Amino acid sequence: MASIRKLEYLLILLSVCIVASKSTTSGVSDIKYMLEQLVTKHKVPALGGIELDTNGITALGAAGIRKKGSGIEVTSSDLWHIGSCTKAMTATMIASLVEYGVVQWEDTLGEIFPWLPKEYHGINYIHLLSHRSGIPATTDWKKIAESAPTLEGQRVNTVNLLIKTRMEGRPGQKFLYSDWGYVVAAAMAENKTEKSYESLMQEHLFAPLAMTTVGYGPTSRDNELTQPWGHTSQGIPIQYDNPLVVSPAGTIHLSLEDWGKFIRDQLKGSRGQRALLSYASYSMLHTPPFDGSEALGWFVSHQSWSKGPVLDHTGTNHHNHAFVVIALKEGTASMAVCNQGDTFSTIYDVLLNISRL
């Protein structure tokens, strides 16, 4: 679920300048043929890609098969697992709660869970969502999932586990990518609202943006072939995901078009156009609150080709892979997905080819 920092990735970011500078034409380009070539080149089951700007989708497509050996083709409306790209959505939901006055960015763990050790008391939403809380990266999610009958109870137990856990840095000082921190943030919101994370996401994000295909966990179940299967890095088909207690950090699946609705809203909001939240909230989400490149649900860089910040995130449960790059000032974004894990170079190649359209 961690974000990627590789030379190859930097080359992809540089190539996206082509996307930022090219003119938008009417209609949506079908990129299925291009993706078919990349499926063959990289020997993966399937790939999907989408490009958009503030006016809508400019390119869309999918190619390959839902499950290796099945012969059943994917479609552009299929569901794709986006892993840690979920984090930007979780942060946006928290921002909505802030706008409604239900929570504040500065609400602390100590205020909501006063029984925690004092070293944890000063951690707030900003620390948690920018990976600056000092909470370790992960824990035994399978064990947590077995600790309570409800997801809300499991997330409270995720918080309680901190009692026996040593912090790995003081709040605000050290970057430590933490799925655990995102689950704790969700537990704080659940406690404050007395609603589940899933209902909060539906109420504050998915329903307002008309994102109707969103689900959690594997994209397919019970050996069905109605949606893509995940595949191991060796190409073995599998229906698996992390336990749903960790959903705030990365178990969402959805269609490319629905993911595009969320990304388009991020673009519009960052430019002061009519969007789900206020301009101030998008600025909060997209600006690193501490030294470094870590914003709230996003990583931020500055490239010579762009007039403003470039946002990115990657997501993988090791059986699927997703990646998004957004040029805020230029108002463009590209996303790529693959139903096989550990396919970094493959999804980079998708973005590179989309940039050359």
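Structure first, text after, so check above.
Residues numbered from 1 in each chain as written. Predicted model: local features only at pLDDT ≥ 70, side-chain atom pairs only at ≥ 80, totals over all residues. Heavy atoms only, no water.

Engineer: Quick rundown of the packing of helix H3 (residues 32-42) against helix H14 (residues 344-355)? Include the residues and the values.
Structural biologist: For the pair H3 and H14, the least separation of the axes is 11 Å and the interaxial angle reads 150 degrees. Taken together, the axis directions place H3 and H14 in an arrangement best described as roughly antiparallel. Crossing of H3 over H14 shows right-handed handedness. Facing H3, whose interface residues are Met34, Leu35, Leu38, Lys41 and His42, H14 presents Ser345, Thr346, Asp349, Val350, Asn353 and Ile354. Per-class residue counts for the contact of H3 with H14 are 5 nonpolar, 4 polar and 2 charged. (Axes fitted to C-alpha atoms, helices over the stretch in contact; angles between N-to-C directions. Helix = DSSP H or I, 4+ residues; strand = E, 2+ residues; numbered from the N terminus. Parallel < 35°, antiparallel > 145°, perpendicular 65-115°, else oblique. Left-handed = near helix turned anticlockwise from the far one by under 90°. Contact = heavy atoms within 4.5 Å. Nonpolar A, V, L, I, M, F, W, Y, C, P; charged D, E, K, R; others polar.)

Engineer: Now, about the pairing of strand E3 (residues 56-64): what can you tell me, with residues and values included?
Structural biologist: Summarising burial for E3: 7 of the 9 residues are buried, a large majority. The pairing of strand E1 (residues 29-30) with E3 spans 2 bridges and is parallel. Pairing of Ser29 across the sheet is with Ala59, part of E3. Bridge analysis of strand E2 (residues 46-53) against E3 gives 8 bridges, and the strand direction is antiparallel. Directly across from Ile50, in E3, lies its bridge partner Leu60. Remark: 2 residues form the turn of the hairpin made by E2 and E3, two consecutive strands paired antiparallel. (Buried < 20%, exposed > 50% of the residue type's maximum accessible area, 1.4 Å probe, protein only. Pairing = 2+ DSSP bridges.)

Engineer: With reference to specific residues and values, describe the sheet that holds strand E10 (residues 309-316).
Structural biologist: Taken in spatial order, the 7 strands of this open sheet run E1-E3-E2-E12-E11-E10-E9, and their pairing is mixed. The sheet is open, and its two edges are formed by E1 and strand E9 (299-302), each paired on a single side. Most of the contacts of H3 go to E3, to which it runs at about 40 degrees, and overall it touches E1, E2 and E3.

Engineer: So what's going on with the packing of aromatic side chains? Which residues, and what values?
Structural biologist: The tally for this structure, following the rule as stated, stands at 5 aromatic pairs. Ring centres of Phe175 and Phe299 lie 6.2 Å apart, and the angle between their planes is 85 degrees; this geometry places the pair in the edge-to-face category. Placement of the pair is Phe175 in the loop between helix H8 (151-160) and helix H9 (179-193) and Phe299 in strand E9, with a sequence separation of 124 residues. The class for Phe175 is partly exposed, based on a relative accessible area of 34%. Seen from their ring centres, Phe323 and Tyr348 are 5.7 Å apart, and the 65 degrees between their planes marks the pair as edge-to-face. Remark: Tyr348 occurs in helix H14 and Phe323 occurs in strand E11 (residues 321-327); sequence separation between them is 25 residues. Of the residues examined, Tyr348 reaches a relative accessible area of 1% and is grouped as buried. An aromatic cluster is defined as three or more aromatic residues linked by ring pairs; in this entry it consists of Phe175, Tyr177 and Phe299. (Phe/Tyr/Trp six-rings, centres within 6.5 Å; stacked < 30°, edge-to-face > 60°.)

Engineer: Help me get a handle on the pattern of salt bridges, residues and values and all.
Structural biologist: What the rule picks out here adds up to 9 salt bridges. A salt bridge links Arg66 to Asp78, with the nearest nitrogen and oxygen atoms 2.8 Å apart. With Arg66 in the loop between E3 and strand E4 (79-81) and Asp78 in the loop between E3 and E4, the pair connects residues that are 12 residues apart, well separated along the chain. Each member of the pair, Arg66 as well as Asp78, is classed as buried. Ionic pairing is found between Glu198 and Arg155, a salt bridge with its closest N-O pair at 2.8 Å. Linking Glu198 in helix H10 (residues 197-206) with Arg155 in helix H8, this pair joins segments that are 43 residues apart in sequence. Owing to a relative accessible area of 17%, Glu198 belongs among the buried residues under this scheme. One salt-bridge network, held together by shared partners, links Arg155, Glu190 and Glu198. (Salt bridge = Lys/Arg side-chain N within 4 Å of Asp/Glu carboxyl O.)

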